[in-house]
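# Results of the structural survey
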Amino acid sequence: PSLAAKVTLDLSALSLLLTVFVLFKIHPYQYIYYNGLAGGFAKGTALFEADYWVQSNKEGLLWIRDHLRGREPDQKVRVMAVGQGWQLAQYAGSSLEMVERSPWTYRIYPSLNRELPPELEPFVVHIVQRLGVPLCWVLYDPQGEAPEGK
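Residues numbered from 1 in each chain as written. Predicted model: local features only at pLDDT ≥ 70, side-chain atom pairs only at ≥ 80, totals over all residues. Heavy atoms only, no water.

## Let's talk about the packing of aromatic side chains
The full count for this structure, using the stated rule, is six aromatic pairs. Ring centres 4.9 Å apart and planes at 40° place the aromatic pair Y106 and Y140 in the tilted group. Here the residue Y106 occupies a position in strand β3 (residues 106-110), and Y140 occupies one in strand β5 (residues 133-140), the gap between them amounting to 34 residues. Take Y106: its relative accessible area is 3%, and that puts it in the buried class. Centre to centre, the rings of Y109 and W137 are 6.5 Å apart; their planes meet at 50°, and the pair counts as tilted. Of this pair, Y109 sits in strand β3 while W137 sits in strand β5; the two residues are 28 residues apart in sequence, bridging distant segments of the chain. The exposure class assigned to Y109 is buried, which follows from its relative accessible area of 7%. Within the aromatic cluster, the residues linked to one another by ring pairs are Y31, Y52 and W53. (Phe/Tyr/Trp six-rings, centres within 6.5 Å; stacked < 30°, edge-to-face > 60°. Helix = DSSP H or I, 4+ residues; strand = E, 2+ residues; numbered from the N terminus. Buried < 20%, exposed > 50% of the residue type's maximum accessible area, 1.4 Å probe, protein only.)

Here it is, written out as structure tokens:
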């Protein structure tokens, strides 16, 4: 093969490897992948909604459940998930109650536009992220003091 063919083959292989690497790093959220030629993952998620199907809410809920494991709460812990709380109920277990409005103890706030309202920042206890891009925030407010946010 000619030099041009070898260079083309090498660049294609490199591109494929980089794509596989990024897909591996953002698993299980491959649907939010952005091609490197279009600016890559960080730029794509800065321009468009990152987790537009709010699938990372499940990972946030599982973090809450694991975080509370071994504790016996007096009553169910109230969790509000913006987007699809009712779909998360199957993962909540017996100690969590999915609610649609305040008051809540934990709130899963989706990163639809990669911004958390500043007034909610003090309540962040966990961030679900891939390649440094936040997909959702887990907020904790046992006293009911957090504002609603946007």
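## A look at the sheet that holds β5
Read from one edge to the other, the open sheet built from five strands follows the order β2-β1-β3-β5-β4, with strand pairing classed as mixed. The open sheet has two free edges, formed respectively by β2 (96-99) and β4 (124-130), since each of these has just one partner strand. Taken over all neighbouring pairs, the strand axes of this sheet differ in orientation by 20° on average, direction set aside. Running over the sheet, helix α3 (residues 56-68) touches β1 (77-81), β2, β3, β4 and β5 and is turned about 155° from β3. (Pairing = 2+ DSSP bridges. Axes fitted to C-alpha atoms, helices over the stretch in contact; angles between N-to-C directions. Contact = heavy atoms within 4.5 Å.)

## As for the environment of G40
By the element assignment, G40 lies in helix α2 (residues 40-47). Beyond its immediate stretch of four places on either side in the chain, G40 contacts Y34 and N35.

## With respect to the environment of E115
By secondary structure assignment, the location of E115 is in the loop between β3 and β4. For E115, the residues in contact, after removing those within four places along its chain, are Y109 and W137.

## Topic: the side chain of R130
Tracing the backbone through its elements, the reader meets R130 in strand β4. At 3.1 Å, the side chain of R130 forms a polar contact with the backbone oxygen of H27. At 3.0 Å, the side chain of R130 and the side chain of E59 are in polar contact. (Polar contact = N/O pair within 3.5 Å; in protein donor to acceptor, adjacent residues only side chain to side chain.)

## What to know about the pattern of salt bridges
Across all of its chains, the model carries three salt bridges by this definition. Salt-bridge contacts for R130 lead to E59; the nearest nitrogen and oxygen are separated by 3.0 Å. Of the two residues, R130 sits in strand β4 while E59 sits in helix α3, which places them 71 residues apart along the sequence. Look at E59 and you get partly exposed, because its relative accessible area is 27%. (Salt bridge = Lys/Arg side-chain N within 4 Å of Asp/Glu carboxyl O.)

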